[in-house]
Amino acid sequence: MHELSIATGIIDAVLAEAAARGITAITAVHVSLGQWSGVDPDALRFSFDVASDGTLVETSPLVINIVPVAYACEACGNEHAPDGSQGITCLQCGGAMSLVRGRELQLTGFETMEEVSA
Amino acid sequence: LSEPRLIEVRRNILKENDQVARKLRQSFREAGVRVVSLVSSPGSGKTTLLERLLSEFHSEHRVAALVGDLATENDAARLARSGARVKQIITGTVCHLDATMVSRALHDWHWQELDFLFIENVGNLVCPSSFDLGEDLRIVLTSVTEGEDKPLKYPTIFNTADVAVISKLDLAEAAQADLAALRSNILRVRPGMQIFELSAKTGIGMEELHRLLSSPAQAEARAV
């Protein structure tokens, strides 16, 4: 259960980004979470609710975008998901595959009703 | 009434840990210290492997180890018998090590004088995968008694490690382990991963791992 420290990281990042833009009210927080980020979405939502108490994002919902795992061939760029017997070599050219998506742990944005200057 | 507007930012959430880890990795490289970390579930044999590695390396190299656990100094006491310098990091309720804990544990050490630093993470297949510790090489262990589908159940930890060790090879027969299935499951979540089958108890298979750790090119698997 390391979601609490990650929730705190999200909140700190949002508050810093908002302060830099002079924003004082936030209506939603958006994050991208890789399927293999090692972070559980429900535990993260719970931790966010607890950790956001008394901050600008106290009532803002946390919108979680799950990024599915994807492999790409290092030789031809062909992408596929690692299911069944796939995943070891490229189905198109037999090249080596490497993980290209699925480990994201990123604050992608937040919503506000306020006018924003730049 | 106006619509809410979306302010886009792209910011990695573990940025702070990643920054500390990057700084650590840079200073380790500059000082010529090779740093190897071990992750696995509790009871896969991290401490036994480390015990073996420390006593093997101790005669030729300057080696030390950091070991993370929620409580007790048992592992540090056990490892100190090898003659290497060992420090226990007690995490309390925290289920993983992070870069700051490593940095803090090293601050009163002349770690720059080391050839090898081993870091044993808390036994946990989930949380340690999110935290870079500044190591050059991360080894994930899975023992023959754990079941062949461990890599499929915990793909993230296998994906964030550089090489895999199948441990307790001396028990493979008794456990009726399907080593081919285990290997293929590791490769399914981490294509091309280098796999070592060994028993730290009997010493079978240790040579190959020893060779990997001693080879400078191989040991720097991670980008600064």
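All of these numbers come straight from a predicted model, not from anything done at the bench.

Each value, and the rule that gives it
Residues numbered from 1 in each chain as written. Chains lettered and ligands numbered in written order. Predicted model: local features only at pLDDT ≥ 70, side-chain atom pairs only at ≥ 80, totals over all residues. Heavy atoms only, no water. Axes fitted to C-alpha atoms, helices over the stretch in contact; angles between N-to-C directions. Helix = DSSP H or I, 4+ residues; strand = E, 2+ residues; numbered from the N terminus. Left-handed = near helix turned anticlockwise from the far one by under 90°. Contact = heavy atoms within 4.5 Å. Nonpolar A, V, L, I, M, F, W, Y, C, P; charged D, E, K, R; others polar. Pairing = 2+ DSSP bridges. Phe/Tyr/Trp six-rings, centres within 6.5 Å; stacked < 30°, edge-to-face > 60°. Buried < 20%, exposed > 50% of the residue type's maximum accessible area, 1.4 Å probe, protein only. pLDDT = per-residue confidence, 0-100. 1 Å grid on protein atoms, 1.4 Å probe; cavity = no way out; pocket = protein on both sides within 12 Å on 5 of 7 lines; lining within 4 Å. Points joined across faces, edges and corners; volume = space filled by probe spheres on them. Buried area = accessible area lost by both parts, 1.4 Å probe. Salt bridge = Lys/Arg side-chain N within 4 Å of Asp/Glu carboxyl O. Polar contact = N/O pair within 3.5 Å; in protein donor to acceptor, adjacent residues only side chain to side chain. Parallel < 35°, antiparallel > 145°, perpendicular 65-115°, else oblique.

A. Region of interest: the packing of helix H2 (residues 46–58) of chain B against helix H8 (residues 206–214) of chain B. Residue and element names in this part refer to chain B. The contact between H2 and H8 brings their axes to 12 Å, and the two run at 65°. Where H2 crosses over H8, the two elements pack in a sense that is right-handed. Of H8, the residues touching H2 (which contributes Leu49, Arg52, Leu53, Glu56 and Phe57) are Met206, Leu209, His210, Leu213 and Ser214. Grouping the amino acids of the contact of H2 with H8 by side-chain chemistry returns 6 nonpolar, 2 polar and 2 charged.

B. Region of the structure containing the sheet that holds strand S6 (residues 137–143) of chain B. Residue and element names in this part refer to chain B. The 7 strands lie next to each other as S4-S3-S5-S2-S6-S7-S8, forming an open sheet whose pairing is parallel. Here the strands that pair on one side only, and so sit at the sheet edges, are strand S4 (85–90) and strand S8 (194–197). With strand direction ignored, the average angle separating the axes of adjacent strands in the sheet is 20°. When strand S2 (residues 34–39) meets S6, the two strands line up parallel, connected through 4 bridges. Residue pairing in the sheet places valine 36 in a bridge with leucine 137 of S6.

C. Quick look at the packing of aromatic side chains. Residue and element names in this part refer to chain B. For the structure shown, the criterion picks out 5 aromatic pairs over all chains. Ring centres of phenylalanine 116 and phenylalanine 118 lie 6.1 Å apart, and the angle between their planes is 10°; this geometry places the pair in the stacked category. The buried category is assigned to phenylalanine 118, whose relative accessible area is 0%. The rings of Phe57, Phe116 and Phe118 are connected pair by pair, giving a single aromatic cluster.

D. Structural detail: the environment of Arg85(B). Residues and elements named next belong to chain B. For arginine 85, the location among the structural elements is in strand S4. Residues arginine 85 and asparagine 17, 68 residues apart in the sequence, show an inter-C-alpha distance of 26 Å. Excluding anything up to four places from it in sequence, arginine 85 contacts Val63, Ala64, Ala65 and Trp109.

E. Inspection of the confidence of the model for chain B at higher detail. In this model, chain B carries a mean pLDDT of 91, and residues with pLDDT of at least 70 account for 96%. Under the prediction, the complex receives an ipTM of 0.80, its pTM being 0.82.

F. Summary view of the layout of surface pockets. Taken as a whole, the largest pocket holds about 900 Å³ of empty space. Looking at the largest pocket, it is lined by 41 residues, and the ones nearest its centre are Arg103(A), Ser129(B), Asp132(B), Thr160(B) and Arg222(B). Secondary structure elements with two or more residues in the lining of the largest pocket: strand S5 (97–101) of chain A together with helix H1 (15–31) and helix H6 (155–160) of chain B. Top contributing element to the lining of the largest pocket by residue count: H1(B), with 6 residues. Quantified by volume, the second largest pocket comes out at close to 420 Å³.

G. Examining the sheet that holds strand S2 (residues 62–67) of chain A more closely. One open sheet holds the 4 strands; their spatial order is S2(A)-S1(A)-S6(A)-S1(B), and the pairing between them is mixed. Taken across any chain shown, the strands that pair with only one partner, and hence form the sheet edges, are S2 of chain A together with strand S1 (5–12) of chain B. Averaged over all pairs of adjacent strands, the angle between their axes in this sheet comes to 20°, without regard to strand direction. On top of the sheet, helix H1 (residues 3–20) of chain A reaches strand S1 (28–34) and strand S6 (105–112) of chain A together with S1 of chain B; it is set at about 45° to S6(A), its chief contact. Where helix H2 (residues 41–51) of chain A meets the sheet, its contacts fall on S1 and S2 of chain A, and the angle it forms with S2(A) comes to roughly 160°.

H. Molecular detail of the interface of chain A and chain B. Taken residue by residue, the interface counts 39 residues in chain A and 29 residues in chain B. Summed over both partners, the interface of chain A with chain B buries about 2900 Å², with 59% contributed by carbon and sulfur atoms. Together, His2(A), Trp36(A) and Met113(A) form the three largest contributors to the area buried by chain A at its contact with chain B, with a combined 20%. At the surface where chain A touches chain B, the tally comes to 2 salt bridges. At the junction of chain A and chain B, the tally comes to 13 residue pairs in polar contact (both at pLDDT 80 or more). When contributions to the side of chain A that touches chain B are tallied by element, the ones reaching two or more residues are H1, S1, S5 and S6 of chain A. It is S6(A) that contributes the most residues to the side of chain A that touches chain B, 8 residues altogether. Its residues placed into classes, the side of chain A that touches chain B shows 19 nonpolar, 14 polar and 6 charged. Of the strand pairs in this sheet, S6(A) and S1(B) are connected by 6 bridges, and their pairing is antiparallel. Bridging across to S1(B), Thr112(A) finds its partner in Arg5(B).

I. Examining the environment of Asp42(A) more closely. Looking at where Asp42(A) falls in the secondary structure, it is placed in helix H2. Taking the C-alpha atoms as reference, Asp42(A) lies 22 Å from Ala70(A); in sequence the two are 28 residues apart.

J. The arrangement of the packing of H1(B) against helix H4 (residues 99–106) of chain B in detail. Residues and elements named next belong to chain B. Two elements in contact, H1 and H4, have axes separated by 8 Å at closest approach and are oriented at 45°. Accordingly, the angle class assigned to the pair H1 and H4 is oblique. Contacts between H1 and H4 involve Asn17, Val20, Ala21, Leu24 and Phe28 from the first element and Ala99, Thr100, Val102, Ser103 and Leu106 from the second. Its residues assigned to classes, the contact of H1 with H4 comprises 7 nonpolar, 3 polar and no charged.

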